[in-house]
Amino acid sequence: MDRARRWIKGALAVTAAAALGVTALATTAQAADINVAKNAGFESDLSNWTCSAGTGSVVGSPVHGGAKALKGTPTAQDTAPCSQAVAVKPNSTYTLSSWVQGSYVYLGASGTGTTDVSTWTPGSSGWQQLSTTFTTGANTTSVTVYTHGWYGQGAYYADDVSVLGPDGGGGGGDPVVVPAVPAGLAAGTATSSSVDLSWNAVSGATGYNVYRDGSKVASVGGASATVTGLAAATSYSFQVSATNSAGESAKSAAVTARTATSGGGGGGTVPKHAVTGYWQNFNNGATVQKLRDVPSQYDIIAVSFADATSTPGQISFTLDPAVGYASAADFKADIAAKQAAGKSVILSVGGEKGSVSVNSDASATAFADSAYSLMQQYGFDGVDIDLENGLNSTYMSKALHQLSAKAGAKLVLTMAPQTIDMQSTSGEYFKTALNVKDILTVVNMQYYNSGSMLGCDGKVYSQGSVDFLTALACIQLEGGLDPSQVGLGVPASTRGAGSGYVDPSVVNNALDCLTRGTGCGSFKPARTYPGLRGAMTWSTNWDATAGNAWSNSVGPKVHSLP
């Protein structure tokens, strides 16, 4: 959450406007189709590839397939582009794809003779596949395919590039063959309604099918999945297969997993429509409060923030003397009093300066164990995930499901991603939210410190307007989250964020637009979402500094939603 946040430039969203929907699936290959890209897996280092001076290299880890992969290292003046000219056949359609990971990875084709194409991802800590298609012009015999990162961002990785289509005379890779059977299928965390699965990636696979008791229940792009919608205390048999344009492999050996007898719940006693406020466990110039001072309009109070320890994934909490509590017992008594009044008090993990890292099975367990210990010690109802420096969807999802299995049905789980994190369902934050949908209370995205971003209609909207709130919320509402799991996060005052403050009346108009279809700006959603959870603000302290104007206006509006 904001203490001093960098601005995500609006230009990035404009560049990405053509890239909404980066998870498009490859079209079916014809019998004669081949991969016309050469050295597509970088096994011959940078042979056949041209990279910007000093920014491209080949590494042995991480790799998606084979022994090597491309690493691009952008600078403040260079996006680290690497490209290859491939021989193509005129008037033909090609599917361009690549497995990528890291920060802001782009994939595209230029010189097609028709419409040049590109796609992108805001980044991930695991391999994901980008894919797009292009058609060559009547006289086009060569097309340049490329990948690059973004100015000043971290390194990106690419592997197993494919330009699948008719041979243009230059040869290339072998004809596409059906991938091998996945190995290493294992069941991970099981809640009362879900089971985590993982397996070894298969070279040449573009996706995987997941089977439950012999019936296909999911198709995914990576080597893990969470199967949801299961009955409690029930055993299930799971298998997976690998797929690409040539077909589907045989199913893997089966693994059996049993769901828990209880767990999950996704909200405890949180009301249908709720107001969330972050309470500052520090003094940054806003009004210093005790929890007892937080107005009753707030239904969920997120104590900010937990601290990282020297053990990866583990968190701790220390009450700041600056907030005025005489003892930890006094603080715990305030938590209990709020809960007696029907409120939920949770512990927020992260913030702008947060450095908690959950990127392995061990760190996932450390997170779950330490979070549950703090819940027991202080009486917290749950946790808020506000990791603004990246997260790993696979392991964070495992951690949260482990915590749910410990805490039970009344766990309150909230998330506060930045706008860039929720532009696409392929982003790590969005994937995490979908992975834990069975236990998720609400995602309160931060509609501030953002700049311009894409709405669900593919248009670019500027922050600080009702359209920005409604068009971006639509991405989540139509991207797989239940309306009850979506809230609008805004600053409580002009001092609560670097940019993006809107008057409470704008928030109320956005709430009406999304739930009732009234009060909209130029963007009006195709349907209404009466079950929308509500709104969030940073922070209760900045709200108090401004005379509680935000909660006095937005609170009654949220609580009167249909």
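The coordinates are above.
Thresholds, definitions, all that
Residues numbered from 1 in each chain as written. Predicted model: local features only at pLDDT ≥ 70, side-chain atom pairs only at ≥ 80, totals over all residues. Heavy atoms only, no water. Axes fitted to C-alpha atoms, helices over the stretch in contact; angles between N-to-C directions. Helix = DSSP H or I, 4+ residues; strand = E, 2+ residues; numbered from the N terminus. Parallel < 35°, antiparallel > 145°, perpendicular 65-115°, else oblique. Left-handed = near helix turned anticlockwise from the far one by under 90°. Contact = heavy atoms within 4.5 Å. Nonpolar A, V, L, I, M, F, W, Y, C, P; charged D, E, K, R; others polar. Pairing = 2+ DSSP bridges. Buried < 20%, exposed > 50% of the residue type's maximum accessible area, 1.4 Å probe, protein only. Arc of directions from axis to C-beta.

## Quick word on the packing of helix H6 (residues 466-478) against helix H7 (residues 504-516)
Then, number 1: Where H6 meets H7, the closest approach of the two axes is 9 Å, and the angle between their N-to-C directions is 40°. Judged on the interaxial angle alone, H7 and H6 are oblique. For the pair H6 and H7, the crossing hand works out as right-handed. From H6, Val466, Leu469, Thr470, Ala473 and Leu477 reach across to H7, where they touch Val506, Val507, Asn509, Ala510, Cys513 and Leu514.
Then, number 2: Partitioning the contact of H6 with H7 into residue classes produces nine nonpolar, two polar and no charged.

## With respect to the pairing of strand S8 (residues 142-148)
Then, number 1: Pairing analysis gives six bridges linking strand S5 (residues 82-87) to S8, with the strands arranged antiparallel. From the neighbouring strand, Cys82 faces S8, where its bridge partner is Thr147.
Then, number 2: Inspection of the sheet shows strand S6 (residues 93-110) paired to S8 by five bridges, in the antiparallel sense. Each bridged residue has a counterpart across the sheet, and for Tyr106 the counterpart in S8 is His148.

## Thoughts on helix H9 (residues 549-559)
Then, number 1: For H9, the complete set of buried residues consists of Trp550, Ser551, Val554, Gly555, Lys557 and Val558. Down the axis of H9, the buried side of the element spans an arc of 165°, and every buried residue falls inside it.
Then, number 2: Packing partners of the buried residues in H9 comprise strand S18 (274-280), strand S27 (486-491), H7, strand S28 (534-538) and helix H8 (540-545).

## Focus on the packing of H7 against H9
Then, number 1: Contact geometry of H7 with H9 gives a least axis separation of 9 Å together with a crossing angle of 15°. Taken together, H7 and H9 sit at an angle that is classed as roughly parallel. For the element pair H7 and H9, the recorded crossing hand is right-handed. Where H7 approaches H9, its residues Pro504, Val507, Asn508, Leu511, Asp512 and Arg516 are matched on the opposing element by Ala549, Trp550, Ser553, Val554, Lys557 and Val558.
Then, number 2: Classifying every residue of the contact of H7 with H9 by side-chain character gives seven nonpolar, two polar and three charged.

Limitation: the analysis is restricted to geometry and does not speak to function.
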